[in-house]
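# Examination of the molecular architecture
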Amino acid sequence: MKLIVAIVNYDDANSVTQALSKNGFSSTRLSTTGGFLLAGNVTLLIGVEEDQVQAAIDLIRERSHSRKQMVPALTEMSYGFMPVMPVEVTVGGATVFVLDVERFERL
């Protein structure tokens, strides 16, 4: 058994979870915050058999889209952070980890 930990952008989360559910994958959804932009993310925990890993990742890939977003750049002044010209960054997509599960029990 494998545990897929998928971190997806908040904007893509509903589409990803619906696609997973429609295709027979159960998931646990956790609200998380990214470290770079402090933006909302969703972390999905998905338990699957080894032969289902690629199918689940393919669904996540299909529903997680990168997009450009303007964010204020910050510069440090002696009295704190000061916003300057906005910078375009790429957000979205997904970060996926696949872990071995030593033991699984449904109680």
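Notes on the structure in this doc start here. Since we're looking at a predicted model, the values are computed, not measured. (Residues numbered from 1 in each chain as written. Predicted model: local features only at pLDDT ≥ 70, side-chain atom pairs only at ≥ 80, totals over all residues. Heavy atoms only, no water.)

This part is about the sheet that holds strand β1 (residues 2-9). With antiparallel pairing, the four strands of this open sheet are ordered in space as β2-β3-β1-β6. Both edges of this open sheet fall to β2 (28-33) and β6 (94-100), since each of them pairs with a single strand only. Taken pair by pair, the neighbouring strands of this sheet meet at an average axis angle of 20 degrees, ignoring direction. Running over the sheet, helix α1 (residues 10-22) touches β1, β2 and β3 (40-48) and is turned about 20 degrees from β3. (Pairing = 2+ DSSP bridges. Helix = DSSP H or I, 4+ residues; strand = E, 2+ residues; numbered from the N terminus. Axes fitted to C-alpha atoms, helices over the stretch in contact; angles between N-to-C directions. Contact = heavy atoms within 4.5 Å.)

For α1, with 13 residues, the first-to-last C-alpha span of 19 Å sits near the 18 Å given by 1.5 Å per residue. Taken residue by residue, α1 has Asp12, Ala13, Val16, Thr17, Ala19 and Leu20 as its buried positions. Mapping the buried residues of α1 onto a view down its axis gives an arc of 165 degrees, with all of them on the same face. What points out from α1, more than 90 degrees from its buried face, is the exposed set Asp11, Gln18, Ser21 and Lys22. Between the side-chain oxygen of the N-cap and the backbone nitrogen of aspartate 11 there are 2.8 Å, and the N-cap of α1 in question is asparagine 9. A positive phi of about 85 degrees marks glycine 24, the residue just after α1. (Expected span 1.5 Å × (residues − 1). Buried < 20%, exposed > 50% of the residue type's maximum accessible area, 1.4 Å probe, protein only. Arc of directions from axis to C-beta. Polar contact = N/O pair within 3.5 Å; in protein donor to acceptor, adjacent residues only side chain to side chain.)

Everything listed is a geometric property; what it means functionally is a separate question.
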